[in-house]
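Take a look at the letters that make up each chain.
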Amino acid sequence: MPPSLRLNAVAFISPQNHPILIRTFSPQDDPIKYHYIAHTSLDVIEERVTSAGKSVECYLGLLYSMEDVAIYGYITPLRVKIVLALALSDAVVKDVEVTMIFKALHMAYYSAICNPFLKLEAANDTSSDISPFLLVGSPKWRKFRQRVDEISRVAGNATATTSAT
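Note that this is a predicted model, so its numbers are computed, not measured. The residue count restarts for each chain, going from 1 along the sequence in the order it is written. This being a predicted model, a pLDDT of at least 70 is required before a residue's local features are given, and a value of 80 or more before pairs of side-chain atoms are given or counted; all residues contribute to the totals for chains, interfaces and linings. Excluded from the side-chain calculations are hydrogens and water; all other atoms, namely the structure's heavy atoms, are used.

**Looking at the packing of aromatic side chains**
Aromatic pairs are defined between Phe, Tyr and Trp rings, using the six-membered ring for Trp, whenever the two ring centres lie within 6.5 Å; interplanar angles under 30 degrees are classed as stacked, those over 60 as edge-to-face, and all others as tilted. For the structure shown, the criterion picks out five aromatic pairs. Between the aromatic rings of Phe12 and Tyr109, the centroid separation amounts to 5.8 Å while the plane-to-plane angle is 25°, which identifies the pairing as stacked. Of this pair, Phe12 sits in strand β1 (residues 7–13) while Tyr109 sits in helix α2 (residues 95–113), placing them 97 residues apart in sequence. Judged by its relative accessible area of 0%, Phe12 is buried. Plain terms: the ring middles of Tyr109 and Phe144 are 5.9 Å apart, the flat faces sit at 65° to each other, and that makes the pair edge-to-face. Note that Tyr109 is positioned in helix α2 and Phe144 in helix α3 (residues 142–155), a separation of 35 residues in sequence. Assigned by exposure class, Tyr109 and Phe144 land together as buried. Put simply, the rings of Phe12, Tyr109 and Phe144 pair up and form one aromatic cluster. For the purposes of this entry, the term helix denotes a DSSP run of H or I that reaches at least four residues, the term strand denotes a run of E that reaches at least two, and both are numbered from the N terminus. Partly exposed residues are those whose accessible area sits between 20% and 50% of the maximum for their type, while under 20% is buried and over 50% is exposed, using a 1.4 Å probe and protein chains only.

**A closer look at the pairing of strand β4 (residues 69–75)**
Judged by how many residues are buried, β4 sits mostly within the fold: seven of seven residues are covered. Burial along β4 is two-sided: the face carrying Val69, Ile71, Gly73 and Ile75 and the face carrying Ala70, Tyr72 and Tyr74 are both buried. Two elements, strand β3 (residues 59–66) and β4, share six bridges in a ladder whose sense is antiparallel. The residue bridging Tyr64 from the neighbouring strand is Ile71, located in β4. At least two bridges found by DSSP between two strands is the condition for calling them paired. What sits between β3 and β4 in their antiparallel hairpin is a turn of two residues, with Glu67 showing a positive phi close to 50°.

**Observations concerning empty space enclosed by the protein**
A pocket here means an open set of points on a 1 Å grid, computed over the protein atoms alone, that has protein on both sides within 12 Å along at least five of seven lines. A cavity is instead a set of points where a 1.4 Å probe fits but cannot get out; residues with an atom within 4 Å of a point line either one. Grid points are joined across faces, edges and corners, and a volume is the space filled by probe spheres set on the points. Applying the stated rule across the entire model yields two cavities of 30 Å³ or more. Space inside the largest cavity adds up to approximately 50 Å³. Lining the largest cavity are Ala9, Val10, Ala11, Ile22, Tyr34, Ile37, Ala38, Val83, Leu84 and Ala85. Counting residues per element, the ones that place at least two in the lining of the largest cavity are β1, α1 (31–52) and β5 (81–87). Along the lines of polarity and charge, the residues of the lining of the largest cavity split into ten nonpolar, no polar and no charged. For this classification, the nonpolar set comprises Ala, Val, Leu, Ile, Met, Phe, Trp, Tyr, Cys and Pro, the charged set comprises Asp, Glu, Lys and Arg, and every other residue, Gly included, is treated as polar.

**A closer look at α1**
An α-helical turn contains 3.6 residues, so a residue and the one three or four places further along point in the same direction. Here the expected span of a helix is defined as 1.5 Å times the quantity of residues minus one. A rise of 1.5 Å per residue sets the reference length of α1, with its 22 residues, at 32 Å; its end C-alpha atoms lie 32 Å apart and thus fit the reference within 8%. Where α1 is concerned, the buried positions are Lys33, Tyr34, His35, Ile37, Ala38, Ser41, Leu42, Ile45 and Val49. Just past α1, the residue Gly53 takes up positive phi, approximately 75°.

This is the structure we're talking about:
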């Protein structure tokens, strides 16, 4: 992948539209900005999925661009949404490159949830409004976060500087 492709943030969002993990890689930006981007992209993703009907491809393409970032979307067969915020540049961003990043992120998530020793459900005494995926912020999910950071580094970033869950 070319070094001109720079990830600013990656967001994993549950089928119930709860954030699973939001990782930011841009030190100068506020992490809240990428929470906002992740939530606003849900409307565009929902619109594309409902308009496509049954024949929805996983890769949704460019959702929108905002200020200095371009937002791309991906939805897994289990309806987990992955939102990617790329820094805008003068270079041409090829869909093949973005698709490869999404597939790598999808496989990282898939590998993490296939681990039988990781707990996906929250305790029984919690309210049903809280996503069971919020446990991704726990230390047991460190390997998943490291894989997301590694994918970002390979795609063109030096290091992960800020993280938010």
